[in-house]
Number of protein chains: 2
Amino acid sequence: MPPPDQAALAAAPRFAAALREALGPAGVITDPVALRPYESDGLTAYRQVPLAVALPRSTAEVAAALRIAHESGIKVVPRGSGTSLSGGALPLADGLLLGLGKLNRILEIDLPNRCAVVQPGVTNLAISHAVAADGYYYAPDPSSQIACSIGGNVAENSGGVHCLKYGLTTNNLLGLEIVLITGEVLRIGGRHLDAGLYDILGLMTGSEGLLGVVTEVTVRLLKKPETARAMMAGFASSEAAGAAVAAIIGAGIIPAGMEMMDRPAIHAAEDFVHAGYPLEAEALLIVELDGPKVEVDDLIARVGAIVASHGGSGLRVSESEAERLTIWAGRKAAFPAVGRISPDYYCMDGTIPRGRLPEVLRRMTQLSAQYGLRVANVFHAGDGNLHPLILYDANKPGELEAAEAFGSDILRLCVEVGGVLTGEHGVGVEKRDLMPTMFGEVDLNQQQRVKCAFDADLLLNPGKVFPTLRRCAELGAMHVRGGQLPHPDLPRF
Amino acid sequence: MPPPDQAALAAAPRFAAALREALGPAGVITDPVALRPYESDGLTAYRQVPLAVALPRSTAEVAAALRIAHESGIKVVPRGSGTSLSGGALPLADGLLLGLGKLNRILEIDLPNRCAVVQPGVTNLAISHAVAADGYYYAPDPSSQIACSIGGNVAENSGGVHCLKYGLTTNNLLGLEIVLITGEVLRIGGRHLDAGLYDILGLMTGSEGLLGVVTEVTVRLLKKPETARAMMAGFASSEAAGAAVAAIIGAGIIPAGMEMMDRPAIHAAEDFVHAGYPLEAEALLIVELDGPKVEVDDLIARVGAIVASHGGSGLRVSESEAERLTIWAGRKAAFPAVGRISPDYYCMDGTIPRGRLPEVLRRMTQLSAQYGLRVANVFHAGDGNLHPLILYDANKPGELEAAEAFGSDILRLCVEVGGVLTGEHGVGVEKRDLMPTMFGEVDLNQQQRVKCAFDADLLLNPGKVFPTLRRCAELGAMHVRGGQLPHPDLPRF
């Protein structure tokens, strides 16, 4: 992070006074002790107390806070529930932290149109709870769903174990209300398909708080499937499990979820929740199938045959909802389970072509030996989305740095085999400096021109996502044209 | 359209010479007779011969043509197969028409990763044909799929009868190569999920040629379903058919397609293809279900029961692939069938909340009487996407203008009931002037800032989509901030 802007620090008292006038005294925090709880998000290795915290209660208050910040030239970091694993809500010493937690109402449930309109601070799981009695749910299900907010889900384009079949957040949104840094309010989309003009709904989803602040979300609701059943089997190698995954997809079957865990993850989870996982296996595959009962019965038989023909052993298929939940219990608790066997762990998030999984696992094992740090792996296997958990002890000098270097090597490896730096956790501060391994200057400049179209003064969540930010005027200057023909740099054919 | 830019006309000979140097003589057309075939697209009511046509054969040639145009300050209109129904590829008298038809190769078929990499001039249907023998297909299926290009599908975010279950183009894309107006080449996405940074893939999809030129498309391939069966039934009113549609969706069933036709469309189609449609019905409902055989059998029974309980009569379910195609034949031929009963027709494209269908149909009947023009309706009923076909005779003075006014009234009606101006045909020139009925100044300005982030000189397809374009520098000036606190216009609480 660059040193704090001294002008911003000097303007802080006037800025806070203006905020208090707009939001009321309970809506603004400047007391150093009261600011402390906001110093980090889910990426706890990074900490920074913000200049101030604002807690607006309405779209109008969000607009007022942003307008005041814009007028004052003060940076703004939006924050939902603060569960980001990539530091997306890490505060700035010279910036306002804009907490959306008080915008936590479900505004409307519209079952005939199968959607719900909610404020950004509503938790992911609260949406499904609100419509469960009517037989509906909201599909994306990040592991943090009991805590993470839907606004944060939009910012990070969150996924979950069911996104293989039901898509990421971007596939389950119908509309947004966003406030620009100027305080202007945009409404995008609604209860219908494509609306003409540019797809700003898609653009906003996954934009990590750099383009605008989400103040209302219209989500698509799905009817709960008639049946859902989980099955699991152990494999003697991750290659064999990976081949089974490829064969299932290749057969045209899209499971509701398809997850793999490696031996260290299996052991940690089994020790914690006693789900009956096979301790002798090198890889565990969990497949969930959902839909009408007749379809699920058919698919269970087909997937079972594929698993058996690829050497899967100890196949178990849930015969009740309780058994289905038991099969999932270890996977869902994998992160805290690993937390029990190591003082600290660092959760990475990269995506690779499914076929390269065995090679990536082999090289990860080599890196583990090289850095002297253990690693446990859980994957969204159907998507090729890896979550290696690097085990370390922050109290041992150098281990945090080693874990970070190990993690960077894993992400570079993902890119090298044709994958990408992220799956569903965003770039944030965590992967910012790795972006040039994936994106060239033309890409980054064009992406920043989009950023400039929304926030020309670069006040919204600076320091996240982009390794460097150029002044917007400077980027525009690349478009000067001379009116001369032909250009001396023209390619020849 | 504004009068042609005299400077552009004066620069034309030098401009064409530079293009010829880059693309070779066969790649550039300036002869007035040879330009004539390019004067319009699928919206034939509008015609304009372009300044010149360029026909590049590679990404490098597209980049060269755009760079030359940018250096010369010459506007550019990209064109795929020219099947746009909203005039998206209508030329400009002072602009280059950039035809992508020679970029027509399938570059790679990657079945393990279930995707294909194709050039933009490849037709939609050619992709499915190329992978049919292996049991795969590309899902979006616009009625023009035999002719329309995948590049045009990206530009318009095209749909089709199966987009209810399988999504629009934007849901079936994995990656793009695009060339910016500067000639810079961007590669977006690839064979994986979310890639970090902004969702430019979504932004480009449906951007109607105003942001960049697509030179390569990576599409998702789907495994052909084990079974597909179509069913149809007649209803005594569109209200009853609409209620059946709502009940099917409400039961959690997502058919592969769900289409309605009104009495005039039923009669025109039946006279043309003899599909056995019920001539006494006021509305015809066609529902297709696909998936594993056991699932489809189950769904056929459930949909059949819903149809019967809503007064559907003459239920017919396909027992063979030939019978399925017969049921679809009338719907697929609805446009040419209407072309047989009227010298001209004007195809509209709006979207409404499904529940408002009966009201919209009633008011459309009133408008039909008021304008003295017949209208035949086909709908993607599951999506609420209407395609009213307004029948007129261009040789009768005033009928074209009346048809256009009638069409505008229909689209205003769509917006009034909570819908939108477009479904899948784009805005183009056709709906450009109606945009302010849906979008306020804040929306249009923000959308244009996005346009400016890609094309600061407004050279790419100007005159489409936006009712007015402001100079980009002028829009940027809205972001001036004074550093004064608090702003006098701040809202008070």
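The name given to chain A in an unreviewed UniProt entry is Glycolate oxidase, with the source organism recorded as Dongia mobilis. The Cofactor (unreviewed entry) comment attached to chain A in UniProt states, word for word, "FAD".

I tried to follow the pattern of salt bridges on my own but got confused; where do I start?
A side chain of one charge can pair with a side chain of the opposite charge when the charged atoms of the two come close. On inspection of all chains with the given rule, the structure shows 53 salt bridges over all chains. Between Arg331(A) and Glu259(A) there is a salt bridge, with its nearest N and O atoms 2.7 Å apart. Residue Arg331(A) is located in helix H11 (residues 321–332), and its partner Glu259(A) is located in strand S13 (residues 257–262); the two are separated by 72 residues in the primary sequence. We classify Glu259(A) as buried; its relative accessible area is 1%. The partner of Arg412(B) in a salt bridge is Asp409(B), and the shortest N-O contact between them spans 3.0 Å. Remark: Asp409(B) and Arg412(B) occur in helix H14 (residues 399–416); sequence separation between them is three residues, near one turn of the helix. A residue is classified by how much of its surface remains accessible, and Arg412(B), at 38% relative accessible area, is partly exposed. Accessibility expressed as a relative area gives 21% for Asp409(B), which makes it partly exposed. A network of salt bridges, in which partner residues are shared, links Arg229(A), Lys293(A), Asp297(A) and Glu319(A).

So what exactly am I meant to see when it comes to the state of the cysteines here?
Two cysteines, two sulfur atoms, one covalent bond between them: this is a disulfide. Inspection of every chain in the model, using the stated rule, returns two disulfides over all chains. Here Cys452(B) is linked by a disulfide to Cys472(B), with a sulfur-sulfur distance of 2.0 Å. Across the disulfide from Cys452(B) to Cys472(B), rotation about the S-S bond amounts to roughly -85°, and the bridge is consequently left-handed. Here Cys452(B), found in helix H16 (residues 441–454), pairs with Cys472(B), found in helix H17 (residues 472–476); they are 20 residues apart in sequence, far enough to count as distant. For the pair Cys452(B) and Cys472(B), a shared accessibility class is recorded, and that class is buried. Cys163(B) supplies the cysteine sulfur nearest to Cys115(A), a cysteine that is in no disulfide, at a spacing of 18 Å. The class of Cys115(A) is buried, set by a relative accessible area of 0%. Cys347(A) forms no disulfide, and the closest cysteine sulfur to it belongs to Cys414(A), at a distance of 12 Å.

What is the right way to read the environment of Gly355(A) from this model?
With respect to the helices and strands, the residue Gly355(A) is situated in the loop between strand S17 (350–351) and helix H13 (357–371). With 18 residues separating them along the chain, Gly355(A) and Ala337(A) place their C-alpha atoms 28 Å apart.

Looking at this structure, how should I read the packing of aromatic side chains?
Residues and elements named next belong to chain B. Under the counting rule described, the total for this entry stands at six aromatic pairs over all chains. Taking 6.1 Å as the distance between ring centres and 70° as the angle between the ring planes, the aromatic pair formed by Phe-335 and Tyr-345 counts as edge-to-face. Here Phe-335, found in helix H12 (residues 334–341), pairs with Tyr-345, found in strand S16 (residues 344–347); they are 10 residues apart in sequence, far enough to count as distant. Among the residues examined, Phe-335 registers a relative accessible area of 15% and is labelled buried. For Tyr-345, a relative accessible area of 29% puts it in the partly exposed group. Judged by centre distance (5.4 Å) and plane angle (10°), the ring pair of Tyr-371 and Phe-406 falls under stacked. Highlighted residues: Tyr-371 in helix H13 (residues 357–371) and Phe-406 in helix H14, separated in sequence by 35 residues. Judged by relative accessible area, Tyr-371 falls into the partly exposed class, the value being 23%.

Explanation requested: the domain arrangement of chain A in the structure shown.
Interfaces are frequently sized by the accessible area removed from exposure as the parts join. With domains assigned, chain A is organised as domain 1 (6–99), domain 2 (106–223), domain 3 (227–335), domain 4 (342–433) and domain 5 (439–476). Here domain 1 of chain A and domain 3 of chain A have C-alpha centroids that lie 44 Å from each other.

What is the right way to look at the sheet that holds strand S6 (residues 115–118) of chain B in this model?
Residues and elements named next belong to chain B. Read across the open sheet, the five strands follow the order S5-S6-S10-S8-S9; overall the sheet is antiparallel. The sheet terminates laterally at strand S5 (106–110) and strand S9 (185–189), the two strands that pair on one side only. Within the sheet, the average angular offset between the axes of one strand and its neighbour, ignoring direction, is 10°. Here helix H3 (residues 59–72) sits on the sheet and contacts strand S8 (173–179), S9 and strand S10 (213–220); the angle it forms with S8, its principal contact strand, is near 45°. Its contacts with the sheet place helix H4 (residues 124–132) against S5, S6 and S10, and it is angled at close to 45° to S5.

Each value, and the rule that gives it
- Residues numbered from 1 in each chain as written.
- Chains lettered and ligands numbered in written order.
- Predicted model: local features only at pLDDT ≥ 70, side-chain atom pairs only at ≥ 80, totals over all residues.
- Heavy atoms only, no water.
- UniProt positions renumbered as here; feature names shortened; annotations may be inferred.
- Salt bridge = Lys/Arg side-chain N within 4 Å of Asp/Glu carboxyl O.
- Helix = DSSP H or I, 4+ residues; strand = E, 2+ residues; numbered from the N terminus.
- Buried < 20%, exposed > 50% of the residue type's maximum accessible area, 1.4 Å probe, protein only.
- Disulfide = S-S within 2.5 Å.
- Phe/Tyr/Trp six-rings, centres within 6.5 Å; stacked < 30°, edge-to-face > 60°.
- Domains from an automatic or database assignment.
- Pairing = 2+ DSSP bridges.
- Axes fitted to C-alpha atoms, helices over the stretch in contact; angles between N-to-C directions.
- Contact = heavy atoms within 4.5 Å.

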